[in-house]
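# Fold and geometry: a report
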Amino acid sequence: MVLITRDVPRDAALNEARMPMPTITYVSSTDGTSAVEVEVGATVMRTAVVNGIRGILGECGGQAMCATCHVYVEEASHELPAIADDEDEMLECTAEPRTGQSRLSCQLRAGDFRSITVRLPERQV
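Below: a short report on this structure. Nothing here was measured: the structure is a model prediction, and the numbers come from that model.

### Considerations on the side chain of Thr 94
Mapping Thr 94 onto the fold places it in the loop between helix 3 (85–90) and strand 4 (102–104). One polar contact links the side chain of Thr 94 to the main-chain carbonyl oxygen of Glu 96, over a distance of 2.6 Å. Ignoring any residue separated from it by four or fewer positions in sequence, one finds Thr 94 in contact with Ala 67 and His 70.

Here's what the structure looks like:
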């Protein structure tokens, strides 16, 4: 067995350990608000599915092919990556109207944000 470590200055390691985990807050018109702390790398869509947050289906499993994970990003965030062509195309197929805040939650990954609040559409299909 090979153990690979990285040399990190002690102070940097302590600061990394103290950094809060990313948080996703889901706002639903029917179920209220739910906040979930996540590991870096978790998507807004997968976190919702795993935690039983109603309103995000994610039928394609996060491949940006179905638009059933459409959300409205409540917070303006310069941290989010730009909308890629495949996401942009799928946002034209959402059940609820697309706005300037629309994103596919499968494309929003913790680490690209420290915290994010998303409003769930009333329907996905």
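Alright, that's what it looks like, and here's the rest.
### Brief notes about the sheet that holds strand 1 (residues 23–28)
Within the open sheet, the five strands sit side by side as 2-1-5-3-4. Their pairing is mixed. Of all strands in the sheet, those bounded by a partner on one side alone are strand 2 (32–37) and strand 4. Pairwise comparison of adjacent strand axes, ignoring direction, gives a mean angle of 35° for this sheet. The pairing of strand 3 (residues 70–73) with strand 5 (residues 115–119) spans two bridges and is classified as antiparallel. What sits directly across from Val 73, in strand 5, is Val 118.

Thresholds applied
Residues numbered from 1 in each chain as written. Predicted model: local features only at pLDDT ≥ 70, side-chain atom pairs only at ≥ 80, totals over all residues. Heavy atoms only, no water. Helix = DSSP H or I, 4+ residues; strand = E, 2+ residues; numbered from the N terminus. Polar contact = N/O pair within 3.5 Å; in protein donor to acceptor, adjacent residues only side chain to side chain. Contact = heavy atoms within 4.5 Å. Pairing = 2+ DSSP bridges. Axes fitted to C-alpha atoms, helices over the stretch in contact; angles between N-to-C directions.

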